[in-house]
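The primary structure of each chain is shown beneath.
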Amino acid sequence: ETGVTQTPRHLVMGMTNKKSLKCEQHLGHNAMYWYKQSAKKPLELMFVYNFKEQTENNSVPSRFSPECPNSSHLFLHLHTLQPEDSALYLCASSQDGGGAGTDTQYFGPGTRLTVL
Amino acid sequence: AQSVAQPEDQVNVAEGNPLTVKCTYSVSGNPYLFWYVQYPNRGLQFLLKYITGDNLVKGSYGFEAEFNKSQTSFHLKKPSALVSDSALYFCAVRDGGTGFQKLVFGTGTRLLVSP
């Protein structure tokens, strides 16, 4: 799992805190993704960045704010979260062949977020 | 819109026996199908994918999957299960249309291999 790294691995925050999740990919990919994984629910795609441009925002509340400064790094800024936002947040990357859809996504280990 | 169904929340199998984890899908175009595995406190690890070609796809750790277009299925199989195969398995599908098509995941199947 050294291909995609995520920090921190665990995060506990209060509803009024501001924190950020970091993802870094070492695979030379040009697309990066944020997913939310909650118990008993399918993975939810949150954001997609392709060539550093945000190409997808799956109706995510504004308390989640993504940032992609370059093709290797992806951040998820968090503020005024709710307890129901507690979940495992996964980052992934892929080599996007221009929307061909065949590209495999490779995932990081995730950040386990708990909102008190 | 594409969708995936994994009908079993859990599959139990004895070590050494063959295992099957079921997946059915729905897409409007040609399906691109993936299997991932997740171990505790880890991210998803790619196992195998079907894009085109042979219906039987071989992947990592001795796993294989069979694409069946008429039954819209992509079941994951392994001839002889290991205790270390115990994990959460996710099937995913993407519509092979043009433009951005998101990857849609099933709810996962927990595989428990007993010694």
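Scroll up to find the structure this text is about.
Residues numbered from 1 in each chain as written. Chains lettered and ligands numbered in written order. Predicted model: local features only at pLDDT ≥ 70, side-chain atom pairs only at ≥ 80, totals over all residues. Heavy atoms only, no water.

## Quick look at the overall build of chain B
Step number 1: Regarding its fold elements, chain B presents zero helices and 12 strands.
Step number 2: When its helices and strands are written in sequence order, chain B yields β-β-β-β-β-β-β-β-β-β-β-β.
Step number 3: Whereas a compact globule of 115 residues would reach a radius of gyration of roughly 13 Å, chain B reaches 14 Å, a difference of no more than 12%.
Step number 4: Seen through its C-alpha atoms, chain B measures out along the principal axes to roughly 45 × 30 × 20 Å.
Step number 5: When contacts within chain B are restricted to residue pairs at least 6 apart in sequence, long-range pairs at least 24 apart make up 56% of them.
Step number 6: Side chains of chain B give 10 positive and 8 negative charges; the mean places of these two sets differ by 6 Å. (Helix = DSSP H or I, 4+ residues; strand = E, 2+ residues; numbered from the N terminus. Rg over C-alpha atoms; globule rule 2.2 N^0.38 Å. Contact = heavy atoms within 4.5 Å. Lys, Arg positive; Asp, Glu negative; His and termini not counted. Charge placed at Lys NZ, Arg CZ, Asp CG, Glu CD.)

## With respect to the interface of chain B and chain A
Step number 1: At the interface, 22 residues of chain B touch 24 residues of chain A.
Step number 2: Between chain B and chain A lies a buried interface of about 1900 Å² when both sides are counted; carbon and sulfur atoms form 52% of it.
Step number 3: Here chain B and chain A share five residue pairs in polar contact (both at pLDDT 80 or more) between them.
Step number 4: Considering only residue class, the side of chain B that touches chain A consists of 10 nonpolar, eight polar and four charged. (Buried area = accessible area lost by both parts, 1.4 Å probe. Polar contact = N/O pair within 3.5 Å; in protein donor to acceptor, adjacent residues only side chain to side chain. Nonpolar A, V, L, I, M, F, W, Y, C, P; charged D, E, K, R; others polar.)

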